[in-house]
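Residue strings, one per chain:
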Amino acid sequence: MISVANRIHVKAEYHDTFEARFRERAGLVDGMPGFIANHVLRPTRDGDPFVVLTFWESRAAFEAWTTSDAFRQGHARSGTLPRDAFSGPNILEIHEVVAR
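Now for a quick tour of the structure.

Each value, and the rule that gives it
Residues numbered from 1 in each chain as written. Predicted model: local features only at pLDDT ≥ 70, side-chain atom pairs only at ≥ 80, totals over all residues. Heavy atoms only, no water. Helix = DSSP H or I, 4+ residues; strand = E, 2+ residues; numbered from the N terminus. Rg over C-alpha atoms; globule rule 2.2 N^0.38 Å. Buried < 20%, exposed > 50% of the residue type's maximum accessible area, 1.4 Å probe, protein only. Contact = heavy atoms within 4.5 Å. Areas by Shrake-Rupley, 256 points an atom, 1.4 Å probe, with all protein chains shown as cover. Lys, Arg positive; Asp, Glu negative; His and termini not counted. Charge placed at Lys NZ, Arg CZ, Asp CG, Glu CD. Phe/Tyr/Trp six-rings, centres within 6.5 Å; stacked < 30°, edge-to-face > 60°. Salt bridge = Lys/Arg side-chain N within 4 Å of Asp/Glu carboxyl O.

## Notes on the overall build of the protein chain
1) Next: Along its length, the protein chain carries three helices and four strands.
2) Next: Starting at the N terminus and ending at the C terminus, the protein chain contains elements arranged as β-α-β-β-α-α-β.
3) Next: In terms of overall size, the protein chain behaves like a compact globule, its C-alpha atoms giving a radius of gyration of 14 Å where 100 residues would be expected to give roughly 13 Å.
4) Next: Dimensions of the protein chain along its principal axes, counting C-alpha atoms only, are 35 × 30 × 20 Å.
5) Next: Here the protein chain holds 100 residues, and 34% of them are scored as buried.
6) Next: In the protein chain, 74% of the contacts between residues at least 6 apart in sequence involve partners at least 24 apart.
7) Next: Accessible area of the protein chain: about 6500 Å², with a carbon and sulfur share of 51%.
8) Next: Taking the 12 positively charged and 13 negatively charged side chains of the protein chain as two groups, their mean positions are separated by 1 Å.

Structure (structure tokens):
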């Protein structure tokens with residue numbers, strides 16, 4: 001199993017809009033082979049990023065998602081927040097899960 005953490009720096013005045021985007025998400029990832037779970041983590045300290053955390057059965061399953069039509073459709077809504085909503089570039093991290 002792997003986890004994929006997308007660390008996204010969102011300015012405080014856009015937190016509510018960012019969170020709403022995930023509450024109202026299309027959910028296309030949910031039906032992808034190898035998908036296990038999706039969590040959106042809100043920062044508790046000013047300046048820390050949101051973390052969009054997904055779990056996958058394998059790296060191959062995650063990579064299949066990133067090249068799918070469903071991925072493109074699901075991320076088409078990413079442009080709904082203005083560029084200035086973000087205070088820096090996102091950081092994508094992939095880890096193998098070694099203990100649960």
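## Observations regarding the packing of aromatic side chains
1) Next: Counted under the stated rule, the structure contains six aromatic pairs.
2) Next: Taking the centre distance of 4.6 Å and the plane angle of 50° together, the rings of Phe18 and Phe50 count as tilted. Of the two residues, Phe18 sits in helix H1 (residues 15-23) while Phe50 sits in strand E3 (residues 50-56), which places them 32 residues apart along the sequence. One exposure class covers both Phe18 and Phe50, and it is buried.
3) Next: In this structure an aromatic cluster arises from ring pairing among Phe35, Trp56, Phe62, Trp65 and Phe71.

## Thoughts on the pattern of salt bridges
1) Next: Throughout the structure, instances matching the rule amount to six salt bridges.
2) Next: Linking Arg23 and Glu19 is a salt bridge whose minimum nitrogen-to-oxygen distance equals 3.1 Å. Taken together, the residues Arg23 and Glu19, both in helix H1 and four residues apart, mark about one turn of the helix.
3) Next: Judged by relative accessible area, Glu19 falls into the buried class, the value being 10%.
4) Next: As a salt-bridge pair, Asp48 and Arg45 come within 2.9 Å of each other at their nearest N and O atoms.
5) Next: When its relative accessible area of 28% is taken as the criterion, Asp48 is described as partly exposed.
6) Next: Judged by its relative accessible area of 57%, Arg45 falls in the exposed class.

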